[in-house]
Amino acid sequence: MIPYGRHHIDESDIAAVSDLLRGGMLTQGPMVEAFEQAICDYTGARFAVAVSSATAGLHLAAVAAGVGPGTSLVTSPITFVASSNAALYANGRPLFADIDPATINLSPQRLEEILALHPETRAVVPVHFGGLPCDMPAIKAVADKAGAHVIEDGAHALGGRYLDGSRIGNNSNADMTVFSFHPVKAIAAGEGGIVTTNDEALYRRLIRLRSHGINKLDDPFELPEQAFTDGAQNPWYHEMQELGYHYRITDIQCALALSQLKKLDSFIARRRQLAIDYDADFAGFENLRPAQPPEGRDLSGHHLYVVRIDFDKIGKTRGAVMLELRERGIGSQVHYIPVPAQPVYRRLQMRPEDYPNAMEYYHQALTIPLFYDLSDEQRQSVVGALRDVVG
Ligand SMILES: *Cc1c(COP(=O)(O)O)cnc(C)c1O
């Protein structure tokens, strides 16, 4: 069975984790900072805060952006539920702006309309869907006008580039960017995430929130009379300054992630080549087309390869197509059910039909296999199976 996505682990990854287990600290040791520094070097961001998952990172970023009771966070309806759940965790209100059907990314125009109706918005969360960069200058301009922070959900996009060619995660048009190290994503840590930022105040807040709200850096103490004796800091003293979380990542995970990061560019290069080859393979198909534009192939992080199939026209349901592919040894998936269609969001009075581009895309979308170890023969068998099943 060929899955839609899979990680790649080699002997150097195994050695990196073994070495850590033989001699290193398991958590709160130097590997976490080494990984954070490596992500700064790679993306060009000033600061990075590694956390237990991208979901945790999105939650912390939402809190740091000021999302809380009486405020809103706007994201894309075509994303993993974690992007908007960040608003719910922070006791804010999640809102959605429809996608641009050409890119499957948040539409800056729809965003502007939603922000005009919701001046209480504190954060905008564009998602680089499939790794394809959003139009960040346009999104940043609209968010600035509304006084909202920009938090990029880069879970699909580590290793990708913006339209100007610089690396996703450098925050040139954002306040914070969040990446994921779940095994289906660009590099694997088992579980893990990171938040990058260029803003020192946000960085300090994220560090504190990651560890229970306890002051970890050299921020001033609120109770100096408790902290100091005769001008010297009491060695036991620490100060919980707000309610934070336990969202730390371990050194074991960071040892793996650091080893994987060395291979990221070769991972992306292979995924890009496969995407370009799929584009060519599907050129002659009548009822199936790539969901995202070929012009984006140079920039994308290539997390997903999604095709749009006109299921009504071929007279088969998507479920039937998925089963027929499965019988031929091909895994497939749907990314994503529009978040406003989920029961929790419907209970919040969301109406999926308010996002017609997202719904139209959803009815046609199918994710097919794309990962580093997918061979050309396997790619051809995916294409052959789709030709049989979809025509
Ligand atoms: C995977 C994913 C997340 C969550 O990542 P975790 O590290 O599993 O928490 C968030 N947003 C998007 C778009 C994702 O694909």
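Summarised in this report is the structure supplied together with it. (Residues numbered from 1 in each chain as written. Predicted model: local features only at pLDDT ≥ 70, side-chain atom pairs only at ≥ 80, totals over all residues. Heavy atoms only, no water.)

1. Details of the sheet that holds strand 3 (residues 93-96)
Working definition: the strands of a sheet are paired by backbone hydrogen bonds and lie parallel or antiparallel to each other.
Then, in step 1: Reading across from one edge, 1-9-8-7-6-2-3 is the order of the seven strands in this open sheet, with mixed pairing throughout. Unpaired on one side and paired on the other, strand 1 (47-51) and strand 3 mark the two borders of the sheet. The sheet shows a mean angle of 20° between the axes of neighbouring strands, taken without regard to direction.
Then, in step 2: With five bridges connecting them, strand 1 and strand 9 (residues 193-197) associate as antiparallel partners. By the bridge assignment for strand 9, Ala 50 is matched with Ile 194.
Then, in step 3: Across the sheet, helix 2 (residues 30-43) lies against strand 1, strand 8 (176-180) and strand 9, angled at about 130° from strand 1, the strand it touches most.
Then, in step 4: The strands touched by helix 6 (residues 136-146) within the sheet are strand 6 (121-125) and strand 7 (149-153), with strand 7 carrying the most contacts at an inclination of about 145°. (Pairing = 2+ DSSP bridges. Helix = DSSP H or I, 4+ residues; strand = E, 2+ residues; numbered from the N terminus. Axes fitted to C-alpha atoms, helices over the stretch in contact; angles between N-to-C directions. Contact = heavy atoms within 4.5 Å.)

2. Concerning the pattern of salt bridges
Then, in step 1: Scanning all chains against the criterion turns up 21 salt bridges.
Then, in step 2: Asp 144 is the salt-bridge partner of Lys 140, the closest N and O atoms lying 2.9 Å from each other. Taken together, the residues Lys 140 and Asp 144, both in helix 6 and four residues apart, mark about one turn of the helix.
Then, in step 3: Using a relative accessible area of 18% as the deciding quantity, one classes Lys 140 as buried.
Then, in step 4: Two residues, Asp 218 and Arg 204, come together in a salt bridge whose shortest N-O distance is 2.8 Å. Pair noted here: Asp 218 is in the loop between helix 7 (200-210) and helix 8 (224-227) and Arg 204 is in helix 7, with a separation of 14 residues, a long-range link.
Then, in step 5: Looking at Asp 218, the relative accessible area reads 62%, which means it is exposed. (Salt bridge = Lys/Arg side-chain N within 4 Å of Asp/Glu carboxyl O. Buried < 20%, exposed > 50% of the residue type's maximum accessible area, 1.4 Å probe, protein only.)

3. Notes on helix 10 (residues 264-281)
Helical geometry note: an α-helix holds 3.6 residues per turn, so side chains three or four residues apart project in the same direction.
Then, in step 1: The end-to-end C-alpha distance of helix 10 is 26 Å, a good match for the 26 Å that 18 residues give at a rise of 1.5 Å each.
Then, in step 2: Tucked inside the fold, the buried residues of helix 10 contact helix 2, helix 9 (251-261), strand 12 (288-290), strand 13 (305-309), strand 14 (365-368) and helix 15 (376-390). (Expected span 1.5 Å × (residues − 1).)

4. Re the pairing of strand 1
Then, in step 1: The element strand 1 is largely enclosed, with a buried count of five among its five residues.
Then, in step 2: By the alternation rule, side chains of strand 1 split into Phe 47, Val 49 and Val 51 and Ala 48 and Ala 50, which are all buried.

5. A word on helix 5 (residues 108-117)
Then, in step 1: Of the residues making up helix 5, those classed as buried are Pro 108, Leu 111, Ile 114 and Leu 115. Down the axis of helix 5, the sector holding all buried residues measures 120°, keeping them to one side. Seen from the open side of helix 5, the exposed residues pointing more than 90 degrees away from its buried face are Ala 116 and Leu 117. (Arc of directions from axis to C-beta.)

Scope: geometric values only; no functional claims are made or implied.
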